[in-house]
Amino acid sequence: MIVNTKEMLTAAQQGNYAVAAFNVYNQETVQAAVRAAESQSMPVMIALGERYFPTVDVEGFAAMVKAIGAKSSVPVALHLDHAYEKESIERAIASGFSSVMYDGSKYSFEQNVEQTKEIVSIAHIAGVSVEAEIGSLARGSFSDEEEGSGTMTNPADAKQFVAETGVDFLAAAIGTVHGMYSGEPNINLQLLEQIRAAIDIPLVLHGGSGTPDAIIVETIKRGICKINVNTEISLAAVSFLKDHVAAYPSTHLSSVMAELENAIVPAMSRFVSLFANRA
Ligand SMILES: [Zn+2]
């Protein structure tokens, strides 16, 4: 079933687990994400970034996710990831997305507050929840995201930002990166505790790929309720395609796509199971 993202993440916050938000682009990857969530009896978020709007038909994508989500045995939410333009957000809201992320992290604090506030007022009228980001993630290897400054989230800024904008959940920059880490990950759990103490809305971790499992679990224990996963699934999919086409050069496209879906379900299920924090 398709559900409201705020309700999904509030339940995660109360249950002390995190929902996987998979960046996906087409029917096979959406189906794989839903199958992975169903295998673990966990909710899931389907995330599409603004940067894919030129190649993915947004209204068509939303209709597909709603149709697949309606048949699912687990809660499914449709989320707009990293949107920089108000027009993209309005388009996602009109298409039936459950939540949107407005990324004003490149602006000054004051400008970010002003613009996020406006987005919140537009989204809330439609019953759509809003994620924002304070601080900015750096970009590691194999990432398809914009370069960020790597500035960590300041807990006092986070508190003021949430109070002034009314956002529903906040992405905290605590040392994870978009993509794979170039060196040893340096995740500041103490900073996360300070952010958690300063604000009470669900917290989001971007940069799930390549972060050691033990650290992921510690971030969930400290209030992370949603974790974005993009690069690791993309790497698994591309690696499968390379090997599969090399092994079966005269294969049919329909079977390549079906096998691709089957191949990434285990990689996605591993994240969903880890984020369930059942241990
Ligand atoms: Zn991100």
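Look above for the structure.
In short, a report on the structure. Model, not experiment: these values are computed from the prediction.

Considerations on the nonpolar core
Of all hydrophobic cores here, the largest spans 79 residues; its most connected members are Val 44, Val 100 and Leu 170. In contact with Leu 170, other than residues within four places in its own chain, are Ala 132, Ile 134, Ala 158, Val 162, Ile 199, Ile 201, Leu 203 and Val 204.

Comments concerning the packing of helix α6 (residues 155-165) against helix α7 (residues 189-198)
Relative orientation of the contacting elements α6 and α7 amounts to 30°, with a least axis distance of 9 Å. Judged on the interaxial angle alone, α7 and α6 are roughly parallel. Regarding α6 and α7, the two cross each other, and that crossing is right-handed. Touching Pro 155, Ala 156, Ala 158 and Lys 159 of α6 are Gln 194, Ile 195 and Ala 198, all from α7.

With respect to helix α4 (residues 86-95)
Along α4, the residues that are buried comprise Ile 89, Ala 92 and Ile 93. Axial view of α4: buried residues confined to an arc of 100°, hence all on one face. Among the exposed residues of α4, those pointing more than 90 degrees away from its buried face are Glu 87 and Ala 94. Those residues of α4 hidden inside the fold are in contact with α3 (58-71), β3 (76-83), β4 (99-102) and α5 (109-125). Looking one or two places after α4, you find Gly 96, whose phi comes out positive at around 100°.

Criteria and thresholds
Residues numbered from 1 in each chain as written. Predicted model: local features only at pLDDT ≥ 70, side-chain atom pairs only at ≥ 80, totals over all residues. Core = buried A, V, L, I, M, F, W, Y, C linked by C-beta atoms within 7 Å. Buried ≥ 20, exposed ≤ 12 C-beta atoms within 10 Å, placed from the backbone. Contact = placed C-beta atoms within 7 Å. Axes fitted to C-alpha atoms, helices over the stretch in contact; angles between N-to-C directions. Helix = DSSP H or I, 4+ residues; strand = E, 2+ residues; numbered from the N terminus. Parallel < 35°, antiparallel > 145°, perpendicular 65-115°, else oblique. Left-handed = near helix turned anticlockwise from the far one by under 90°. Arc of directions from axis to C-beta.

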